[in-house]
Amino acid sequence: MSSSTPEVILEQLQAAGSAFAENKPGAREQLLNLGYSLVSSLQLPSEAIQRMGWAEPARAAHCRIAVELKIFEHLKESGERGISAKDLATKTGADEVLIARTLKHLAAMNVVAESGIDKYAATRLSDAFTEPRYRDGIVYTHDVAGPSFHGLPEYLKSIKYALPTKLTDGPFQAAHKTQLPFFAWLDQNPPYLQIFSNYMGAYRAGKPSWVDPGFYPVSERLTTGFDGSDGNGVMLVDVGGGRGHDLQELKEKHPSLPGRLILQDQADVISTVSGEGVFEATTHDFFTLQPVKNARAYYLHSVLHDWGDDDCVRILEQLRPVMKPGYSKLLINEIIVPGRDATWPVTSMDQLVFVLGAMGERMELSWENILKRAGFKVTHVYSYEMGSESLIEAELA
Ligand SMILES: C[S@@+](CC[C@H](N)C(=O)[O-])C[C@H]1O[C@@H](n2cnc3c(N)ncnc32)[C@H](O)[C@@H]1O
């Protein structure tokens, strides 16, 4: 996005504000982006460096400390009156001055509120940080992703700015001093696989989802034509579906959806999932032949972006033999990077998969090529206003 003046952005903000008041789709995201643009247009270079170099890293570090000391929980319990740094020090066992300085910075960065002199209270955000899924997001982004970003400049210099492409040899391995690929490292370093899976259930919370009205026409494309004749038909298999949050959401938003829903993931993820009568949770390695035959849809969400093209083709080839021609659909829910004006959720996810797995988000042509190599053809690509992920629907070629 080219840089605009504050005056121009303020005008755009007004228009976006009206759209927001009318509940128009994408208006919230547009306001947010304009807000960031306004800050950039007003900020001095000295302030930009201070914010990026000290204020943001300190916020991330102190949120991580607050999680460890359960400070967000103590703030929530203290209600509107708030709690003093002295009382927080007693509850946590940490030094009072240290606590006061942590809370002052978190207040200045709008994470917590101040309810008096050296007294602090919860905000909507700090209350959200007491939920396991967001709490684990803080832990995961700080402990797992953080060191990989921090070490990236040195790492790239050491390999003379070549493009890392190996799952076993990239910024993540350099930062964590391992030769294990990202998922194997998570698995061997408990509780990080659980923490990661919890966070995956939260990182898109509240954002546009493929099952929302106006995105993918679930009834038209899946329910119509569904074969439930033997009473045992499978509607959708969520391959590498984490803890089943997508299946929960699908059933919540489409309660009359017929057929069985099946979740598949690695044993350590599945072991703690119950399915709560909504879906069946099963262990399956997606590099091996898909065990569920003739499902209406095989769905992969943010799975393929963790793998290189050859691995993506291997994963998709495991589905082909069990799909019923003219009936089964392949649904790939992934970011499609636009030719220009990609938004920060898109580019930052590209950076995340880069530092964790030496991978990258893909443009539409790359997806088409992968699908073609695996024996599929794209039937339609569904996108949503200001949403960062698209739904690629494909069928056997
Ligand atoms: C980025 S997460 C996406 C999770 C979920 N689909 C979502 O979008 O929230 C990738 C998932 O793939 C799973 N996974 C990684 N390797 C796997 C394998 N070989 N077989 C099955 N699942 C695997 C991980 O455990 C994780 O849940």
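Before any of the text, the structure's been laid out above.
A brief report on the enclosed structure follows. Note that the structure is a prediction, hence the values are computed from the model and not measured. (Residues numbered from 1 in each chain as written. Predicted model: local features only at pLDDT ≥ 70, side-chain atom pairs only at ≥ 80, totals over all residues. Heavy atoms only, no water.)

Looking at the pairing of strand E10 (residues 389-396)
Reasoning step 1: E10 sits mainly inside the fold: seven of its eight residues count as buried.
Reasoning step 2: Relative to E10, strand E8 (residues 329-335) runs antiparallel, the two being bridged by six bridges. By the bridge assignment, Leu331 is partnered in E10 with Glu393.
Reasoning step 3: In terms of strand pairing, strand E9 (residues 376-382) meets E10 through six bridges, oriented antiparallel. In the strand pairing of E10, Val381 is matched with Ile392.
Reasoning step 4: In sequence, E9 turns back onto E10 through a hairpin of six residues, with Met386 there showing a positive phi of about 60 degrees. (Buried < 20%, exposed > 50% of the residue type's maximum accessible area, 1.4 Å probe, protein only. Helix = DSSP H or I, 4+ residues; strand = E, 2+ residues; numbered from the N terminus. Pairing = 2+ DSSP bridges.)

Looking at the side chain of Asp246
Reasoning step 1: Tracing the backbone shows Asp246 in helix H14 (residues 245-253).
Reasoning step 2: Of the side chains with opposite charge, Arg204 comes closest to the buried, unpaired Asp246, at an N-O distance of 4.3 Å.
Reasoning step 3: Apart from the residues lying within four places of it in its own chain, the contact partners of Asp246 are Arg204, Asp238, Tyr299 and His301. (Lys, Arg positive; Asp, Glu negative; His and termini not counted. Salt bridge = Lys/Arg side-chain N within 4 Å of Asp/Glu carboxyl O. Contact = heavy atoms within 4.5 Å.)

Some details on the site of the ligand
Reasoning step 1: Around the ligand, the structure places 19 residues, and the nearest of them are Arg204, Gly240, His245, Asp265 and His301.
Reasoning step 2: The contact in question runs from an oxygen atom of the ligand to an N or O atom on the side chain of Arg204, over 2.7 Å.
Reasoning step 3: Contact between the ligand and His301: a nitrogen atom at 2.8 Å from a main-chain N or O atom of the residue.
Reasoning step 4: Burial of the ligand by the protein amounts to 96% of the accessible area it has alone, namely 590 Å².
Reasoning step 5: Each of domain 2 (139-200) and domain 3 (218-396) accounts for three or more of the residues forming the shell around the ligand. (Near = heavy atom within 4 Å. Polar contact = N/O pair within 3.5 Å; in protein donor to acceptor, adjacent residues only side chain to side chain. Areas by Shrake-Rupley, 256 points an atom, 1.4 Å probe, with all protein chains shown as cover. Domains from an automatic or database assignment.)

So, the pattern of salt bridges
Reasoning step 1: For the coordinates displayed, the defined rule picks out 20 salt bridges.
Reasoning step 2: A salt bridge links Glu22 to Lys24, with the shortest nitrogen-to-oxygen separation between them at 3.1 Å.
Reasoning step 3: A residue is classified by how much of its surface remains accessible, and Glu22, at 54% relative accessible area, is exposed.
Reasoning step 4: Overall, the relative accessible area of 45% leaves Lys24 in the partly exposed class.

Looking at the packing of aromatic side chains
Each aromatic ring pair is characterised by the separation of its centres together with the angle its planes make.
Reasoning step 1: Under the counting rule described, the total for this entry stands at 18 aromatic pairs.
Reasoning step 2: Ring geometry for Trp210 and Tyr299: centres 4.8 Å apart, planes at 25 degrees, overall stacked. Taken together, the residues Trp210 in the loop between helix H12 (192-200) and helix H13 (218-223) and Tyr299 in strand E7 (residues 297-301) connect sequence positions 89 residues apart.
Reasoning step 3: When its relative accessible area of 3% is taken as the criterion, Trp210 is described as buried.
Reasoning step 4: Here Phe215 and Tyr384 contribute two aromatic rings whose centre-to-centre distance is 5.4 Å and whose plane-to-plane angle is 10 degrees, an arrangement assigned as stacked. Of the two residues, Phe215 sits in the loop between H12 and H13 while Tyr384 sits in the loop between E9 and E10, which places them 169 residues apart along the sequence.
Reasoning step 5: For Tyr384, a relative accessible area of 22% translates into the label partly exposed.
Reasoning step 6: Grouped by ring-pair contacts, the aromatic residues Tyr140, Phe172, Phe182, Phe183, Trp185, Tyr192, Phe196, Tyr199 and Tyr203 constitute a single cluster.
Reasoning step 7: Lys324 extends its terminal NZ or CZ atom over the ring of Tyr327, reaching a point 5.0 Å from the ring centre. (Phe/Tyr/Trp six-rings, centres within 6.5 Å; stacked < 30°, edge-to-face > 60°. Lys NZ or Arg CZ within 6 Å of the ring centre and 35° of its normal.)

With respect to unusual backbone geometry
Reasoning step 1: With an omega of 5 degrees, the peptide bond between Pro190 and Pro191 qualifies as cis.
Reasoning step 2: Within the secondary structure, Pro191 sits in the loop between helix H11 (182-188) and H12.
Reasoning step 3: Notably, Lys70 is not glycine yet its phi reads approximately 55 degrees, a positive angle.
Reasoning step 4: Even without glycine at this site, Asp118 takes up a positive phi of about 60 degrees.
Reasoning step 5: Structurally, Asp118 can be placed in the loop between strand E2 (113-116) and strand E3 (119-121).
Reasoning step 6: For Asp118, a relative accessible area of 26% corresponds to the partly exposed category.

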